[in-house]
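Residue-level structure breakdown
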Amino acid sequence: MASGLNERVNQQLFLKKVPFGIAGSDDFEIKQSPAPECGEGEVLVESHYFGVDAALRLIVRDSDEFLFRVKPGDIVRGSAAGRVIESNNPQFTVGDHVLASGGVQNFIVSNGEGLEKVDVTQAPLGEWLGGFGVSGLTAYFAVTEECKPQPGQTILINGAAGAVGSIAGQLCKLAGATVIGLTGSAEKCRWLVEELGYDIAINYKDVDWYEQLVDAAPERLDVIFDNVGGSILDESLRLIGMHGVVLLCGSTSQYSEEKMSGPSNYIWLGTMRARMQGFVIFDYAERYAEARAKMARWIRDGRLKIPSYEVTGDVDAFPKAFQQLYQGKNLGKMLLKLPAAT
Ligand SMILES: NC(=O)c1ccc[n+]([C@@H]2O[C@H](COP(=O)([O-])OP(=O)(O)OC[C@H]3O[C@@H](n4cnc5c(N)ncnc54)[C@H](OP(=O)(O)O)[C@@H]3O)[C@@H](O)[C@H]2O)c1
């Protein structure tokens, strides 16, 4: 609540211990304190939405190998979309909508560094964390700069109904390719085809999913857009086509594994003169505005949908939302909508 100073209670989410398996409520701890003061040159932001990101499970591992790390005792890293409620910084005005990366908490104080103003006339605030934010930008640059789908090509996208996959599939369709999606339920398969225009969607929990994929791609796969890794990637590699591209966007199935495992069917890359390509969105940071301008046009023209799946609750609802993400409850980007947003 953005009311009197002393009434502002800041719920903060901390990591309690390194999780085993999918992270659950016991792995996190909520602490409450008064909202921070807005000091000289600073801005106070009230969080309205948090993006619930699969990669959080990767960065809470007991390992320093990855880009970021959250250790037990640290505030949980997360991207918020919110509103400036106090400002002693001439670059920000009360009422500005911003993206902030100050951890999962109701109030974030900042000297302005790492805050990004957003234009809610271009897209609603929550979407700036999803399809119009890092997830959509990831899909945009991975598809347009790395996969480069062509008319007549066949593209396989796993994690197809998630935040990245739901946008990537639509972009491949816009490029004129045939798009096959893999996801974890019949309902999500229907949604991919009926709502997002995927040509074929296959439930990877079906025992014969690989046979279904063979039937769906008689001329093999020109691109595998990989969000999940593991056995789904491994089996799919047997179908990579001549000079194909395997775009390594994410490895969701491996993030909670004590020992991650890689593909054994890599031999098909050699036989088919194909390549595996790593990808990190931050390499394209200078070009986000360009991508958003193009995506905004497609949205206006009705050619691109930005799906998001909102769960409502306060900061203490975040661990449950995170579990639901790994249970595959989301269609598009999972967002936690806080009371301040209503
Ligand atoms: N490279 C980059 O710069 C970059 C940027 C953003 C995201 N990423 C990565 O891209 C991937 C997708 O991210 P996202 O935000 O779009 O996540 P997401 O797909 O919205 O959410 C995770 C989904 O993964 C599926 N899943 C969960 N456990 C699985 C398992 N064991 N095997 C197969 N599927 C499983 C679930 O859907 P089902 O119902 O289909 O199982 C779930 O809905 C993540 O790995 C993320 O870390 C990379």
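Described below are features of the structure shown in this document. Please read all numbers here as calculations on a predicted model, not as lab measurements.

We now examine the overall build of the protein chain. Along its length, the protein chain carries nine helices and 15 strands. For a compact globule of 342 residues, the expected C-alpha radius of gyration is about 20 Å, and the protein chain comes in at 21 Å, within 12% of that figure. When the backbone C-alpha atoms are referred to their principal axes, the protein chain occupies close to 65 × 45 × 35 Å. Considering the protein chain as a whole, with its 342 residues, one finds that 45% of them fall into the buried category. For the protein chain, the proportion of contacts with a sequence separation of at least 24, taken over those separated by at least 6, is 68%.

This next bit is on the site of the ligand. The local shell around the ligand holds 32 residues, among which Gly162, Ala163, Gly184, Gly250 and Gly328 are the closest. Sorting the residues of the shell around the ligand by element identifies helix H2 (134–147), helix H3 (163–174), helix H6 (230–237) and helix H9 (318–326) as the ones contributing at least two each. In terms of residue class, the shell around the ligand is built from 14 nonpolar, 16 polar and two charged. When residues of the shell around the ligand are assigned to domains, at least three map to each of domain 1 (5–130 + 307–341) and domain 2 (134–282).

The next subject is unusual backbone geometry. Here lysine 148, not a glycine, exhibits a phi torsion of approximately 45°, which is positive. Among the secondary structure elements, lysine 148 is positioned in the loop between H2 and strand E8 (154–158). Taking the number of C-beta atoms within 10 Å as the measure of exposure, lysine 148 has 13 and is therefore partly exposed. One non-glycine residue, histidine 243, adopts positive backbone phi at about 60°. Positionally, histidine 243 belongs in strand E12 (residues 240–248). Assessed through the 10 C-beta atoms surrounding it within 10 Å, histidine 243 is described here as exposed.

Let's shift gears to the pairing of strand E3 (residues 43–51). Burial of E3 is extensive: nine of the nine residues sit out of reach of the surface. As paired elements, E3 and strand E4 (residues 80–87) share seven bridges and run antiparallel to each other. Paired with serine 47 across the strands is glycine 82, a residue of E4. One ladder, built from four bridges, connects E3 with strand E6 (residues 107–110); its direction is antiparallel. Paired with valine 43 across the two strands is serine 110, which belongs to E6. As defined by bridge partners, E3 adjoins strand E15 (residues 333–337) across three bridges and the pair is classed as antiparallel. Across the sheet, the residue bridging to tyrosine 49 is lysine 337, located in E15.

Moving on: the packing of H2 against helix H8 (residues 288–300). Helix packing geometry: the angle between the two helix axes and the distance between the axes. Where H2 contacts H8, the two axes come as close as 10 Å, and the packing angle between them is 90°. With respect to each other, H2 and H8 are oriented roughly perpendicular. Residue-level contacts link Gly136, Leu137, Tyr140 and Phe141 of H2 to Tyr288, Ala291 and Met295 of H8. When its residues are assigned to classes, the contact of H2 with H8 shows six nonpolar, one polar and no charged.

We now examine H3. For H3, with twelve residues, the first-to-last C-alpha span of 18 Å sits near the 16 Å given by 1.5 Å per residue. Burial analysis of H3 places ten of its twelve residues in the buried class, the great majority of the element. Ala163, Val164, Gly165, Ser166, Ile167, Ala168, Gly169, Gln170, Leu171 and Cys172 are the residues of H3 that are buried. Tucked inside the fold, the buried residues of H3 contact H2, E8, strand E9 (178–183), helix H4 (186–194), strand E11 (221–226) and E15. After H3 finishes, the residue glycine 176 shows a positive phi value of roughly 95°.

Relative to each other, H2 and H3 sit at 40°, their axes nearing to 8 Å. Comparing the axis directions of H2 and H3 gives the class oblique. Of the two possible hands of crossing, H2 and H3 adopt the one that is right-handed. For the pair H2 and H3, contact is made by Ser135, Gly136, Thr138, Ala139, Tyr140, Ala142 and Val143 and by Ala163, Val164, Ile167, Ala168, Leu171 and Cys172, respectively. For the contact of H2 with H3, a count of residues per class yields ten nonpolar, three polar and no charged.

The strand order across the open sheet formed by six strands is E10-E9-E8-E11-E12-E13, and the pairing between neighbours is parallel. Two strands lie at the open edges of the sheet, namely strand E10 (200–203) and strand E13 (275–278), each paired on one side alone. Averaged over all adjacent pairs, the angle separating strand axes in this sheet is 20°, with direction ignored. In the sheet, E8 pairs with E11 via three bridges, with the strands oriented parallel.

Quick look at the pairing of strand E5 (residues 97–100) now. Judged from the four bridges that link them, E4 and E5 form a sheet pairing that is antiparallel. Its bridge partner being in E5, arginine 83 is matched across the sheet by histidine 97. The pairing of E5 with strand E7 (residues 116–117) spans two bridges and is classified as antiparallel. By the bridge assignment for E7, leucine 99 is matched with glutamate 116.

What counts, and where the lines are drawn
- Residues numbered from 1 in each chain as written.
- Predicted model: local features only at pLDDT ≥ 70, side-chain atom pairs only at ≥ 80, totals over all residues.
- Helix = DSSP H or I, 4+ residues; strand = E, 2+ residues; numbered from the N terminus.
- Rg over C-alpha atoms; globule rule 2.2 N^0.38 Å.
- Buried ≥ 20, exposed ≤ 12 C-beta atoms within 10 Å, placed from the backbone.
- Contact = placed C-beta atoms within 7 Å.
- Near = placed C-beta within 6 Å.
- Nonpolar A, V, L, I, M, F, W, Y, C, P; charged D, E, K, R; others polar.
- Domains from an automatic or database assignment.
- Pairing = 2+ DSSP bridges.
- Axes fitted to C-alpha atoms, helices over the stretch in contact; angles between N-to-C directions.
- Parallel < 35°, antiparallel > 145°, perpendicular 65-115°, else oblique.
- Expected span 1.5 Å × (residues − 1).
- Left-handed = near helix turned anticlockwise from the far one by under 90°.

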